[in-house]
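# Overview (structure and organization)
So you can see what is in the structure, the chains are spelled out below.
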Amino acid sequence: MDGSVVGRGCLALMIHVVYKGRALPLAWRVRQGPKGHCPEDLHIAMVALVSGLVPEGASVVCLGDGEFDGIRLQQTMQDAGWSYVCRTGCHMTASWDGESFRLDTLGACIKPGTLIELSEVLLTREDYGPIMLLCCWAKG
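All values derive from a computational prediction rather than experimental measurement.

This paragraph deals with the pairing of strand E8 (residues 114-123). Bridging between strand E6 (residues 93-96) and E8 involves 2 bridges; their strand directions are antiparallel. Among the inter-strand pairings, Ser95 is bridged to a residue of E8, identified as Leu122. Relative to strand E9 (residues 128-137), E8 runs antiparallel, the two being bridged by 7 bridges. Paired with Leu115 across the bridge in E9 is Cys136. Taking the residues between adjacent antiparallel strands as the criterion, E8 and E9 are bridged by 4 residues, where Thr124 takes a positive phi near 65°.

This is how it looks when you write it as C-alpha cells:
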C-alpha cells in the first residue's frame, strides 16, 4: 500500500500485488490534496475493497511505511486474515514484559549491525497487539 502524487494537486492511495518482482496496481483511490498522509479511514476502506478480491486461502502480506501504522488499520488487516509489516515512528509508545517505553529508546541503544526482536509487544496507550517489534541498524 502506498500513496503517490498524481496529476495536478492529487494523491492516489494504491494497493499493489507483487508479481515477478514488479508492483502491479490492484486498486486505487484518488483524492484532491497535497502529497502527505491519507486518513486512516481511507486505508481501512482500501483494505475492505481489496479483501473482497482476494481468493480464499490466498496468503496476503501488506507492506507499508509509517503512514500505515494505525492500530485500527492493523486490526482491520488482522480481521481480513492478512499479515502485515509496517514501519512506525520512533515517537510511538509500546509495552513489553510489563514495561512501557518509547521506541526511540531502542534505537539509542544499538550499533550498526544490531537487530532487536521483541515478541508479544503491545503498541500505544491502547495496548494493541500482541505484535512483533523489530529494531535494526543495518551495516552500510
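Quick look at unusual backbone geometry now. Looking along the chain, the bond that leaves Gly129 and enters Pro130 is cis, with omega of 10°. Mapped onto the secondary structure, Pro130 falls in strand E9. Phi angles above zero are rare outside glycine, and Thr124 is one such case at about 65°. As for its position among the elements, Thr124 is in the loop between E8 and E9. Overall, the relative accessible area of 14% leaves Thr124 in the buried class. Here the phi dihedral of Asp127 falls at roughly 55°; this positive angle occurs in a residue that is not glycine. Here Asp127 shows up in the loop between E8 and E9.

Mapped onto the elements, Gly9 comes out in the loop between strand E1 (2-6) and strand E2 (10-19). Taking the relative accessible area as the measure of exposure, Gly9 reaches 41% and is therefore partly exposed. Considering only alpha carbons, one finds Gly9 and Ala48, 39 residues apart in sequence, at a separation of 26 Å. Leave out the neighbours within four places in its chain, and Gly9 touches Gln32 and Gly33.

Along the chain, His43 turns up in helix H1 (residues 40-51). Excluding anything up to four places from it in sequence, His43 contacts Met1, Leu13, Cys38, Glu67, Phe68 and Leu73.

All right, on to the pairing of strand E3 (residues 22-32) then. With 10 bridges joining them, E2 and E3 adopt antiparallel strand pairing. Bridge pairing links Tyr19 to Arg22 in E3.

For the rest of this paragraph, the subject is the pattern of salt bridges. According to the stated counting rule, one finds 3 salt bridges in the structure shown. Glu40 is paired through a salt bridge with Arg72; the nearest N and O atoms lie 3.3 Å apart. Taken as a pair, Glu40 in helix H1 and Arg72 in helix H2 (residues 71-79) lie far apart in primary sequence, 32 residues in all. Overall, Glu40 belongs to the partly exposed group, its relative accessible area being 24%. Among the ionic pairs, Arg102 bridges to Asp104, the shortest N-O distance being 2.8 Å. Take Arg102: its relative accessible area is 40%, and that puts it in the partly exposed class. Through salt bridges with shared partners, a single ionic network connects Glu40, Asp41 and Arg72.

Let us now look at the sheet that holds E8. Ordered by their spatial adjacency, 4 strands build an open sheet running E7-E6-E8-E9, and the pairing between neighbours is antiparallel. Both edges of this open sheet fall to strand E7 (99-102) and E9, since each of them pairs with a single strand only. Ignoring which end each strand starts from, the neighbouring axes of this sheet average 45° apart. Contacting E8 and E9, H2 crosses the sheet at an angle of about 110° to E9.

How each quantity is defined
- Residues numbered from 1 in each chain as written.
- Predicted model: local features only at pLDDT ≥ 70, side-chain atom pairs only at ≥ 80, totals over all residues.
- Heavy atoms only, no water.
- Pairing = 2+ DSSP bridges.
- Helix = DSSP H or I, 4+ residues; strand = E, 2+ residues; numbered from the N terminus.
- Buried < 20%, exposed > 50% of the residue type's maximum accessible area, 1.4 Å probe, protein only.
- Contact = heavy atoms within 4.5 Å.
- Salt bridge = Lys/Arg side-chain N within 4 Å of Asp/Glu carboxyl O.
- Axes fitted to C-alpha atoms, helices over the stretch in contact; angles between N-to-C directions.

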